[in-house]
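What follows is each chain in one-letter form.
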Amino acid sequence: MTTHVEKLDFYRPASEIFERYHQEPFAIFLDSSTSVASRCNSAPVAGSSLAPSTPVAGRYSSPQFADSSQAPSTPVAGRCSSPQFAGSSQAPSTPAADCCSSSSRQYERYSIIALEPYLILTETEGRCTENGAACPESLEQRLSRRLEEHREENPTHLPLIAGAFGYFSYDFCRKFENIRSRHPRTVQVPDAFFAFYDVLIIEDREERALYLTMREEAEDFGARLTKYRAELRKPCFVPAPPAHKGLAPFSSAFTKASYKEAIRRLIEYIRAGDIYIANMTQQLRLSSSREPYEVYRYLRTHHPAPFGGFLQGVDFQVVCASPERFVRIRGSRIETRPIKGTRKRGSTEQEDSMLREELRHSTKDRSELLMIVDLERNDLNHICEAGSVQVPEHFVIEDYSTVFHLVSTVIGRRRQDIEIPELLHSLFPGGSITGAPKIRAMEIIDELELERRNLYTGTLGYFSLDGNCDFNIMIRTGICHGNQWHLGVGGGITCESDPEAEYEETLQKAKAMREALWSGDGARGQTGTRRLSDGLGDDARG
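Fair warning: this is a prediction, and the values are worked out from it, not measured in the lab. (Residues numbered from 1 in each chain as written. Predicted model: local features only at pLDDT ≥ 70, side-chain atom pairs only at ≥ 80, totals over all residues. Heavy atoms only, no water.)

This paragraph deals with the confidence of the model for the chain. On average, residues of the chain carry a pLDDT of 84, and 82% of them reach 70 or more. When pLDDT is averaged over each element of the chain, helix H5 (residues 256-271) comes out on top at 98 and strand S15 (residues 339-344) at the bottom at 89. Across residues 36-64, confidence stays below pLDDT 50; counting only partners more than four residues off in sequence or on other chains, it has 86 contacts. With pLDDT under 50 throughout, residues 67-107 is counted as low confidence; its partners more than four residues away or in other chains account for 114 contacts. (pLDDT = per-residue confidence, 0-100. Helix = DSSP H or I, 4+ residues; strand = E, 2+ residues; numbered from the N terminus. Contact = heavy atoms within 4.5 Å.)

The following block contains the structure:
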């Protein structure tokens, strides 16, 4: 396979470009819209027992859905075919111990639009299809095969020039541990979806440059290339949506009382020694007259996140404003950034400072994150070279529009013999959204939660044709299907957890999405929660 890559002679933000294409079938936008000032303004806590023993010579900037640790390249002139291309991502990889430095100074660089899929893989309840026809292999096997068949090196500084984009749901990931759910399907969307695309549009915000890539084997390649050049040049500006304080009402299978009772039962399992920590969630259902892309535009404008995304399915849409990276591979380096620990934002700078320090010194939240870091280190050890797994930063506070989060980074050197099926079996689903030990935590989760998680706590991102990848964890994510919105919210539970506080944390995490879904036709700030089973329940504070 050969991919044409060119740097366009004009610049336009990818968010403006996507206004033109967001209704195209299976259009995907992986977006990094968090500004420098809003994130990561505190250093890791000193004295961590997991800090690398090798001194750090410098700092790297860890990007979102991209690799911005490389220097900007020489402008591209036509098709990229030279292996000596400046800024090549194929340069020898740095040993993990030598690149262990803080990723807390993150900034956005690349946003990626994928259009016109030529190969689509889906899997639902174990049945895989390729372009609609039954496939004898599993999705992960077929995906791995297709990536290898289409393999192409990336001689540019761009995160990728071609690849497969899509998601694995939490329900898809159950099969790696042979854990079935007791709950029926409630959202009729594929358990996994991946597509190979003819066209990518990539914005490099650091260069203020726009790149267009296209598969040269595509039908009518020359004419389509000319068409895109002309279309991308045309402005398509839409004013930013105004902010408001309204919150869309929701319903849940849980009442406040029953959710707190489920947490108390989970704590009993922890005290009995079954598990150390688990992620407990509830599924919210919301109705809104907002178009899905309007919801996404509101989130990226007023509640930006470093791992945001939008997927236009045939009869469903995924709107994501996730703060959490699940896994990124660049050459031999593999990285995951688990989040555990949350505080709501204050109403003043003084209150913000107090809440930030409260989170920084919380023994409960620090122990949560420490347990998940240990789990992630264990998972990475299955697929990494011996002795290469390290924790270059620990207990970092990251600031978002509605919450503060406590974050760590775990890295290692991936073994060369590891392919997608082994990668998925070792890492999916993520430890931060299951618990430890992972298998027992997943069993208890299914026992105590009242619905399937579906896409929630799955992962959205891409596999590049050169063997790299970047995926988030689908939290702060809404799935629109049949004019109904589905939103999962939850948090980590330990023996120190307070059920009342844990319930309130779920509402805080839902706040940005509910605000984006508010259509102005209901009472401001009202939740109106009720049990779906009997129509009765507790009102909850918004």
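It is worth spelling out the side chain of histidine 150 at this point. Relative to the assigned elements, histidine 150 resides in the loop between helix H2 (139-149) and strand S6 (163-168). On the basis of relative accessible area, histidine 150 is assigned to the buried category, the value being 15%. (Buried < 20%, exposed > 50% of the residue type's maximum accessible area, 1.4 Å probe, protein only.)

Once that is clear, we can look at the packing of H5 against helix H10 (residues 438-448). Contact geometry for H5 and H10: axes closest at 11 Å, N-to-C directions at 150°. The angle between H5 and H10 places the two elements in the roughly antiparallel class. Crossing of H5 against H10: the hand is right-handed. Taken together, the residues of H10 that come into contact with H5 (itself represented by Ala262, Arg265, Leu266 and Tyr269) are Arg440, Ile444, Glu447 and Leu448. Partitioning the contact of H5 with H10 into residue classes produces five nonpolar, no polar and three charged. (Axes fitted to C-alpha atoms, helices over the stretch in contact; angles between N-to-C directions. Parallel < 35°, antiparallel > 145°, perpendicular 65-115°, else oblique. Left-handed = near helix turned anticlockwise from the far one by under 90°. Nonpolar A, V, L, I, M, F, W, Y, C, P; charged D, E, K, R; others polar.)

Scanning all chains against the criterion turns up 55 salt bridges. A salt bridge links aspartate 31 to arginine 300; the shortest N-O distance between them is 2.8 Å. Within this pair, whereas aspartate 31 is found in strand S2 (residues 28-31), its partner arginine 300 is found in helix H6 (residues 292-302), the two being separated by 269 residues in sequence. For aspartate 31, a relative accessible area of 1% corresponds to the buried category. When the shortest N-O distance is used, the salt bridge between glutamate 368 and lysine 364 registers 2.3 Å. Placement of the pair is glutamate 368 and lysine 364 together in helix H8 (residues 363-381), with a separation of four residues, close to one helical turn. A relative accessible area of 13% places lysine 364 in the buried class. If you follow the salt bridges from partner to partner, you end up with Glu130, Glu137, Arg142, Arg145, Arg146 and Glu149 in one network. (Salt bridge = Lys/Arg side-chain N within 4 Å of Asp/Glu carboxyl O.)

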